[in-house]
Amino acid sequence: MTEHEFRRVKESQTTLKELMVPHYANFGGKVHGGVILSLMDKIAYTCAASHARGYCVTASIDSVDFLNPVEVGELLTLHASVNYVGRSSMEVGIKVVSEDFHNGIVKPTNTSYFTMVAVDEKTRKPVPLPGLILEEDVEVKRFLEGMMRRQFKQHHREEMRQARAELDIERELPKLDGQNCRLARPV
């Protein structure tokens, strides 16, 4: 790959459809969230590897909110797109919808952002990624939002690191009042 290589967003956009079968059910009779997460990881990898044209690993996953339950027998459709590209990492946005095609009902299920890193298969060290060619306003917006999410995550990590370093348990004990916990030791 040359230093000035760029690829269109559409080149790596990926769609995955899978029928939700009884084997995927949890104890409550709905599709197990882990099955959906596994499919999300699969499509994130496929999208990222298509952009990188090489091996990628999942570095982090932003929060995954389960908006609606998925029923056995529904068709799950996952859409993935590279939103943002840094030096060796990229953000893949994933949207999941389920379809009850017997009743014609389509409902949103999940959205999430996966951070994927391109790595050399032998050394397992990060490798540079091609940039993105942004052709549509929505692609520009997603790239800018990806930049913002990256900055927010970095600031959050720094704030948490500092808060943990400064945490004084004895001083903070009063905050446990009214919480759903009980100390096993005397205060």
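Structure's up top.
Counting of residues starts from 1 at the beginning of each chain's written sequence and follows it residue by residue. For a predicted model such as this one, the threshold for reporting local features is a pLDDT of at least 70, and the threshold for listing and counting side-chain atom pairs is 80 or more; totals across whole chains, interfaces and linings nevertheless cover every residue. As a rule here, side-chain values cover all heavy atoms of the structure and leave hydrogens and water aside.

Asks: Hey, could you run me through the sheet that holds strand E2 (residues 14-19) in this one?
Replies: Across a sheet, paired strands are connected by hydrogen bonds in the backbone, their directions being either parallel or antiparallel. At least two bridges found by DSSP between two strands is the condition for calling them paired. For the purposes of this entry, the term helix denotes a DSSP run of H or I that reaches at least four residues, the term strand denotes a run of E that reaches at least two, and both are numbered from the N terminus. As summarised here, the arrangement of the 5 strands in space is E2-E4-E5-E6-E3, forming an open sheet in which the pairing is antiparallel. In this open sheet, the two strands that pair with only one neighbour each are E2 and strand E3 (56-61). This sheet shows a mean twist of 30° between the axes of neighbouring strands, independent of strand direction. Where E3 and strand E6 (residues 105-118) come together, 5 bridges link them in antiparallel fashion. In the sheet register, Ile-61 faces E6, and the bridge partner there is Phe-114. Whether two residues touch is decided by their heavy atoms; if any such pair falls within 4.5 Å, the residues are in contact. Every axis in this analysis is a line fitted to C-alpha atoms, fitted for helices over the stretch in contact. Angles between the N-to-C directions lie between 0 and 180 degrees. The sheet strands contacting helix H1 (residues 33-52) are E2, E3, strand E4 (75-85), strand E5 (89-100) and E6, and the helix crosses E4 at an angle near 40°. Against the sheet, helix H2 (residues 137-166) engages E3, E4, E5 and E6, with an angle of about 80° to E4.

Asks: Hey, could you run me through the side chain of Ser-81 in this one?
Replies: By the secondary structure assignment, Ser-81 is in strand E4. Of the residues examined, Ser-81 reaches a relative accessible area of 7% and is grouped as buried. Here a polar contact means two N or O atoms within 3.5 Å. Within protein one must be a hydrogen donor candidate and the other an acceptor candidate, and residues neighboring in sequence count only if both atoms are side-chain atoms. Within the structure, Ser-81 has its side chain in polar contact with the side chain of Gln-13 (distance 3.1 Å). Buried residues are those whose accessible area, probed at 1.4 Å on protein chains only, stays under 20% of the maximum for their type, while exposed residues exceed 50% and partly exposed ones sit between those limits.

Asks: Would you mind showing me how to read the layout of surface pockets here?
Replies: To locate leftover empty space, one rolls a probe as large as a water molecule over the atoms. Grid spacing is 1 Å over the protein atoms alone, the probe is 1.4 Å, and a cavity is where that probe fits but cannot get out, while a pocket is an open set with protein on both sides within 12 Å along at least five of seven lines and lining residues have an atom within 4 Å of a point. Grid points are joined across faces, edges and corners, and a volume is the space filled by probe spheres set on the points. Roughly 290 Å³ of volume is contained in the largest pocket. Ser-81, Gly-93, Ile-94, Lys-95 and Arg-142 are, among the 16 residues lining the largest pocket, the residues nearest its centre. Elements that contribute at least two residues to the lining of the largest pocket include exactly E2, E4, E5, E6 and H2. The element best represented in the lining of the largest pocket is E4, accounting for 4 residues. In this classification, Asp, Glu, Lys and Arg are treated as charged, Ala, Val, Leu, Ile, Met, Phe, Trp, Tyr, Cys and Pro as nonpolar, and every other residue, Gly included, as polar. For the lining of the largest pocket, a count of residues per class yields 3 nonpolar, 9 polar and 4 charged. Approximately 230 Å³ is the volume found for the second largest pocket. Lining the second largest pocket, in full, are Ala-59, Ser-60, Tyr-84, Ser-89, Met-90, Glu-91, Thr-115, Gly-146, Arg-150, Lys-153, Gln-154 and Arg-157. Elements with a contribution of two residues or more to the lining of the second largest pocket: E3, E5 and H2. No other element matches the 5 residues that H2 contributes to the lining of the second largest pocket. The residue makeup of the lining of the second largest pocket, split by class, is 3 nonpolar, 5 polar and 4 charged.

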